[in-house]
Amino acid sequence: QVHLVESGGGLVQAGGSLRLSCAASGLTVSDYRIGWFRQAPGKERDFVAAIRPDGGTTYSTDSEKGRFTISRDNAENTIYLRMNSLKPEDTAVYYCAAVPNRFYRGHDPTYWNNWGQGTQVTVAS
């Protein structure tokens, strides 16, 4: 059974940094596409970043590509999201998600079938 556990969220001042972790069990992260999504209050869950089995990465916007970095530690079976230069609009619950790479269909959250419980990130202005 796939189990994803996020950690590392918290309260940070604008301009600060956080590193989120997603510890995976029941799967091998190098065989899955692993992604980070976020959901702000009253808004839909949006794609943030993903890492492919070959290590390639994608980001939702150019802004996040410059500020956010997704990475993977195969030995620890853990995915990270490093977030720099945080802005108040980055405030959201951040979720880790996984889908077998052969079933990957895109960044729509409905295509991802394994989710963690989320970790809250709050950026104060």
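The present account deals with the structure reproduced in this document. (Residues numbered from 1 in each chain as written. Predicted model: local features only at pLDDT ≥ 70, side-chain atom pairs only at ≥ 80, totals over all residues. Heavy atoms only, no water.)

The next subject is the overall build of the chain. Helix and strand counts for the chain come out as one helix and 11 strands. The N-to-C order of helical and strand elements in the chain reads β-β-β-β-β-β-α-β-β-β-β-β. On C-alpha atoms alone, the chain measures out to a radius of gyration of 13 Å, which is about the 14 Å that the 2.2 N^0.38 rule sets for 125 residues. Referenced to the eigenvectors of the C-alpha coordinate spread, the extents of the chain come out at roughly 40 × 30 × 25 Å. When the 125 residues of the chain are sorted by exposure, 42% land in the buried category. Sequence separation of at least 24 residues holds for 57% of the intrachain contacts in the chain that already meet a minimum separation of 6. Surface summary for the chain: the accessible area is close to 6300 Å², and the carbon and sulfur share equals 44%. (Helix = DSSP H or I, 4+ residues; strand = E, 2+ residues; numbered from the N terminus. Rg over C-alpha atoms; globule rule 2.2 N^0.38 Å. Buried < 20%, exposed > 50% of the residue type's maximum accessible area, 1.4 Å probe, protein only. Contact = heavy atoms within 4.5 Å. Areas by Shrake-Rupley, 256 points an atom, 1.4 Å probe, with all protein chains shown as cover.)

On to the state of the cysteines. In this structure the tally under the stated criterion is one disulfide. What pairs with Cys 22 in a disulfide is Cys 96, and their sulfur atoms sit 2.0 Å apart. Between Cys 22 and Cys 96 the disulfide shows an S-S torsion of about -75 degrees. By sign, it is left-handed. In this pair, Cys 22 is assigned in strand 3 (residues 18-25) and Cys 96 in strand 9 (residues 92-100), connecting sequence segments 74 residues apart. Taken individually, Cys 22 and Cys 96 each receive the classification buried, so the pair is uniform in this respect. (Disulfide = S-S within 2.5 Å.)

On to the nonpolar core, then. If you look at the biggest cluster of nonpolar residues, it comprises 27 residues, and the most contacted ones within it are Ile 34, Trp 36, Leu 81, Met 83 and Tyr 94. Not counting residues within four places of it along the chain, the set of residues in contact with Ile 34 comprises Leu 27, Val 29, Ala 49, Ala 50, Ile 51, Ile 70, Ile 79, Cys 96, Ala 97, Ala 98 and Trp 112. Counting six residues, the second largest nonpolar core, distinct from the first, contains Phe 37, Phe 47, Ala 50 and Trp 112. (Core = buried A, V, L, I, M, F, W, Y, C linked by side-chain atoms within 4.5 Å.)

This part takes up the environment of Arg 102. Residue placement: Arg 102 occurs in the loop between strand 9 and strand 10 (114-115). With 71 residues separating them along the chain, Arg 102 and Asp 31 place their C-alpha atoms 9.1 Å apart.

Glancing now at the side chain of Arg 38. If you trace the backbone, Arg 38 turns up in strand 4 (residues 32-39). By relative accessible area, which is 15% here, Arg 38 ends up buried. Side-chain polar atoms of Arg 38 contact the side chain of Asp 90, separated by 2.9 Å. If we skip the residues at most four places from it in the chain, Arg 38 touches Glu 44, Arg 45, Asp 46, Val 48, Glu 64, Phe 68, Glu 89, Asp 90, Ala 92, Val 93 and Tyr 94. (Polar contact = N/O pair within 3.5 Å; in protein donor to acceptor, adjacent residues only side chain to side chain.)

Overall, antiparallel pairing links the four strands, which are arranged 1-3-8-7 in an open sheet. Only two strands of the sheet have a single neighbouring strand rather than two, namely strand 1 (3-7) and strand 7 (68-73). Within this sheet the neighbouring strands show an average axis-to-axis angle of 15 degrees, counted without direction. Note that strand 3 and strand 8 (residues 78-83) share six bridges and pair antiparallel. (Pairing = 2+ DSSP bridges. Axes fitted to C-alpha atoms, helices over the stretch in contact; angles between N-to-C directions.)

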